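The primary structure of each chain is shown beneath.
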Amino acid sequence: VNYKNKNNLADQLLVDKVLHGDTSVFKAIMKNTEGLVAQIIFKMIPGVEDRKDIAQDIYLKTFQKLGSFKFQSKLSTWVAQIAYNTCINHLEKKKLILLNNYNDGEEPDGETLEKQNNEIDPFSNETEKFIFKKELSEILKIEINKLSPVYKILITLYHTEELNYAEIAEITELPEGTVKNYLFRARKVLRDNLLLTYKKEAL
Amino acid sequence: MTNKHLNDAEIQQYVLQKTNCDTDIIEHIQHCRNCKIKAEQYNLLFEGIKQQEKPVFDFNLADLVVAQLPKSQHKVSNEKSFFYFIIFIAIISVCIVFYLFANNLLNLFQGIARISIGLIIITGASLLVFLCIDMYRTYQIQIKTLNFY
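Treat the numbers as computed from the prediction; the structure is a model and nothing was measured.

Attention now moves to the interface of chain B and chain A. Counting residues at the interface gives 42 residues for chain B and 60 residues for chain A. A combined buried area of about 5,100 Å² lies between chain B and chain A, and 64% of that area is made up of carbon and sulfur atoms. Counting across the interface, chain B meets chain A through 3 salt bridges. Here Lys-50 of chain B ties to Glu-162 of chain A by a salt bridge, and the two come within 3.1 Å at their closest N and O atoms. Inspection of the chain B/chain A interface yields 8 residue pairs in polar contact (both at pLDDT 80 or more). For the side of chain B that touches chain A, the secondary structure elements donating two or more residues are α1 (8-16), α3 (33-50) and α4 (61-68) of chain B. Top element by residues in the side of chain B that touches chain A is α3 of chain B. It accounts for 14 residues. Across the side of chain B that touches chain A, the residue classes tally to 22 nonpolar, 11 polar and 9 charged.

Okay, here's the thing in structure tokens:
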């Protein structure tokens, strides 16, 4: 991604100042990227006490490697890449599962689909829709947390942080096609699990 | 319009990129209750994800990190100066050797057959390439061990 615009100039200015010894400017870089880094850490690191150390580690690495940043991407994307790699390394060290093999199952035929939708249609009337929307946030939070770290972070980067496929591919160092495929599967698993939970709660 | 129910990939595409969607898909969803419900479920799911609360650190990360940074960083410029210094020394050394021993070096190669010179150059170049590759691999392994990035 050849990234050239005024944000890039702002990034360049900040990086130059830090490289010329003004470490206080590093705070501005942190402020600009902290939200994205927090998303990555919170979604990928289950241990609350580990998050503080990892967050510091990420920014210390960013500072040490700042001289090698080539402005080929946004600074935030580059910092997010460091954050993602640090989290992956941490999970690998702890031997935690990065990616579950979710069984997508076969696509249901027309009759099964109709039956499923009749059984679990949270939109049959406006009141139900309103209640479902209110409950959705809590159920969704739980269901997202049940996903594997890689799926969780892909869903968050695409839907919450509104990054495009190319940026996500750059952060995760996965091919764009793999990102699209994992995202599709993660959304499907989430939808299926949500409907299952809703069905259980409705009973 | 397609009469077959849409699969999840098509429905996700419809919800996320309606403008780039195939007209067959759009028409099918408009006429099929099941696929419409499924699309609405996905729509609600995406809205729900978007509205999820953004996490925030319960400590001042910037202060913690800045406190650990060195006061000034001249590391990069020092590294660059050192690199240019090495290049300068290397060029000067080669020039001195050629200045002092140019005749001797020429005589050295005049006494050897061309094929031998070729062999020496090829062997030397191969060894250089091999050593460079080996050095690069060792460097990568060391960086990975350091878990630097």
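So, next bit.
Residue and element names in this part refer to chain A. Despite not being glycine, Phe-71 shows a phi value in the positive range, around 60 degrees. Positionally, Phe-71 belongs in the loop between α3 (48-65) and α4 (75-93). The class for Phe-71 is buried, based on a relative accessible area of 13%. We note that Glu-173 has phi near 55 degrees; this positive angle belongs to a residue other than glycine.

Within the structure shown, the criterion is met by 0 disulfides over all chains. Unpaired in terms of disulfides, Cys-35 of chain B finds its nearest cysteine sulfur in Cys-32 of chain B, a separation of 3.7 Å.

Let us now look at the pattern of salt bridges. Taken as a whole and judged by the stated rule, the model has 10 salt bridges over all chains. A salt bridge links Lys-27 of chain A to Asp-63 of chain B, with the nearest nitrogen and oxygen atoms 2.8 Å apart. One end of the pair, Lys-27 of chain A, is in helix α2 (residues 26-44); the other, Asp-63 of chain B, is in helix α4, on a second chain. Exposure remark for Lys-27 of chain A: the relative accessible area of 33% places this residue in the partly exposed category. We classify Asp-63 of chain B as partly exposed; its relative accessible area is 37%. Residues Glu-143 of chain A and Lys-146 of chain A are paired through a salt bridge, measuring 3.2 Å at the closest nitrogen-oxygen approach.

A few words on α4 of chain A. In this model, α4 of chain A (19 residues) spans 27 Å end to end at C-alpha, consistent with the 27 Å of a helix rising 1.5 Å per residue. When you tally the buried positions in α4 of chain A, you get 16 out of 19 residues, the bulk of the element.

All right, on to the confidence of the model for chain A then. For chain A, the mean per-residue pLDDT works out to 83, and 76% of the residues sit at or above 70. Put simply, helix α5 (residues 110-119) of chain A is where chain A has its lowest mean pLDDT, 52, and helix α8 (residues 165-172) of chain A is where it has its highest, 95.

What follows concerns the packing of aromatic side chains. Following the criterion strictly, the structure yields 11 aromatic pairs over all chains and no others. With a centroid separation of 5.6 Å and an interplanar angle of 50 degrees, the aromatic rings of Phe-42 of chain A and Phe-57 of chain B are classed as tilted. In this pair, Phe-42 of chain A sits in helix α2 while Phe-57 of chain B sits in the loop between α3 and α4, so the two residues belong to two different chains. Look at Phe-42 of chain A and you get partly exposed, because its relative accessible area is 23%. Centroid distance Tyr-42 of chain B to Phe-46 of chain B: 5.9 Å. Interplanar angle 35 degrees. Geometry classified as tilted. Here Tyr-42 of chain B pairs with Phe-46 of chain B, and both are found in helix α3, just 4 residues apart, close to one helical turn. Residue Tyr-42 of chain B shares its accessibility class with Phe-46 of chain B, and that shared class is buried. Taken together, the ring pairs in this structure connect Phe-26, Tyr-59 and Phe-63 of chain A into an aromatic cluster. Against the face of Phe-59 of chain B rests Lys-52 of chain A, its NZ or CZ located 5.3 Å from the ring centre. Sitting over the ring of Tyr-158 of chain A, Arg-187 of chain A keeps its end group 5.1 Å from the ring centre.

About the cut-offs
Residues numbered from 1 in each chain as written. Chains lettered and ligands numbered in written order. Predicted model: local features only at pLDDT ≥ 70, side-chain atom pairs only at ≥ 80, totals over all residues. Heavy atoms only, no water. Contact = heavy atoms within 4.5 Å. Buried area = accessible area lost by both parts, 1.4 Å probe. Salt bridge = Lys/Arg side-chain N within 4 Å of Asp/Glu carboxyl O. Polar contact = N/O pair within 3.5 Å; in protein donor to acceptor, adjacent residues only side chain to side chain. Helix = DSSP H or I, 4+ residues; strand = E, 2+ residues; numbered from the N terminus. Nonpolar A, V, L, I, M, F, W, Y, C, P; charged D, E, K, R; others polar. Buried < 20%, exposed > 50% of the residue type's maximum accessible area, 1.4 Å probe, protein only. Disulfide = S-S within 2.5 Å. Expected span 1.5 Å × (residues − 1). pLDDT = per-residue confidence, 0-100. Phe/Tyr/Trp six-rings, centres within 6.5 Å; stacked < 30°, edge-to-face > 60°. Lys NZ or Arg CZ within 6 Å of the ring centre and 35° of its normal.

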